[in-house]
Amino acid sequence: MSDADKAVTHELVIQRLAGEMFRAAVWAALGTFAAGVVVSTVIWGTQGLYGSLIGGVIAIASSLATLLLMRKTAALDPMFVMVAALGGFMGKLLVLLAAVILLRGQDWLEPKALGITLVATVLVTSWLEARASKRSRSQMVVPASEGT
């Protein structure tokens, strides 16, 4: 394998980072989700179960969407990757806002269970993804340009 074949590209660095972030956060996110479901069901019964299930699913889907967005935009120019990240963040906020507006006042779910599970899962996942990003050795490599 020649040096050109071993060259580290921006795309490879971003995809490797997304993989490391996923591996760091997946089990903790699922554990937080499960704990939220159990605690909410014990405290609020069936309404707590439904609220925490919805909150946890939204939180996990949100985190997975971020990592998928990283993988899909990895081949783009770094400036466009940052634009996509900002767009993804705004998209998450809109989804959360829509969920809160649509589910407000529903008798069949407990909004506190939804909120607590959602926030706890997002915080745990975000913290572990940030920690994985900080500890990642993939960002310490200066990607080779295509001309060299």
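Residues numbered from 1 in each chain as written. Predicted model: local features only at pLDDT ≥ 70, side-chain atom pairs only at ≥ 80, totals over all residues. Heavy atoms only, no water.

- Per an unreviewed UniProt entry, the recorded name for the protein chain is ATP synthase protein I, and the organism is Lentzea guizhouensis.

Observations regarding a nonpolar patch on the surface
Then step 1. A cluster of nonpolar side chains, namely V38, V39, V42 and I43, defines an oily patch on the protein surface of about 400 Å² accessible area.
Then step 2. Relative to the helices and strands, V42 resides in helix α2 (residues 10-44). (Patch = residues over 30% accessible without salt bridge, like charges linked within 9 Å, V, L, I, M, F, W, Y side chains within 5 Å. Areas by Shrake-Rupley, 256 points an atom, 1.4 Å probe, with all protein chains shown as cover. Salt bridge = Lys/Arg side-chain N within 4 Å of Asp/Glu carboxyl O. Helix = DSSP H or I, 4+ residues; strand = E, 2+ residues; numbered from the N terminus.)

Section: the confidence of the model for the protein chain
Then step 1. For the protein chain, per-residue confidence averages 85 on the pLDDT scale, and 87% of positions sit at 70 or higher.
Then step 2. The lowest-confidence element of the protein chain is helix α1 (residues 3-6), averaging 48 in pLDDT; the highest-confidence one is helix α3 (residues 46-73), averaging 92. (pLDDT = per-residue confidence, 0-100.)

Describing the UniProt feature "transmembrane region" (unreviewed entry) in the protein chain
Then step 1. Sites flagged by UniProt as "transmembrane region" (unreviewed entry) map to residues 24-44, 50-69, 81-101 and 113-130.
Then step 2. With 100% helix and 0% strand, the stretch residues 113-130 has end C-alpha atoms that lie 25 Å from each other. (UniProt positions renumbered as here; feature names shortened; annotations may be inferred.)

Here's the deal with the side chain of T73
Then step 1. Along the chain, T73 turns up in helix α3.
Then step 2. Discounting residues that sit within four places of it in the chain, T73 has contacts with V81 and A84. (Contact = heavy atoms within 4.5 Å.)

A short note on the nonpolar core
Then step 1. Membership of the largest hydrophobic core is limited to 8 residues, which are I14, L17, A18, M21, L67, M70, A74 and A132.
Then step 2. Taken together, the elements giving at least two residues each to this core come down to α2 and α3.
Then step 3. Per-element accounting of this core gives the leading share, 4 residues, to α2.
Then step 4. Look past the residues within four positions of A74 in its chain and what remains in contact with it is H10, E11, I14 and Q15. (Core = buried A, V, L, I, M, F, W, Y, C linked by side-chain atoms within 4.5 Å. Buried < 20%, exposed > 50% of the residue type's maximum accessible area, 1.4 Å probe, protein only.)

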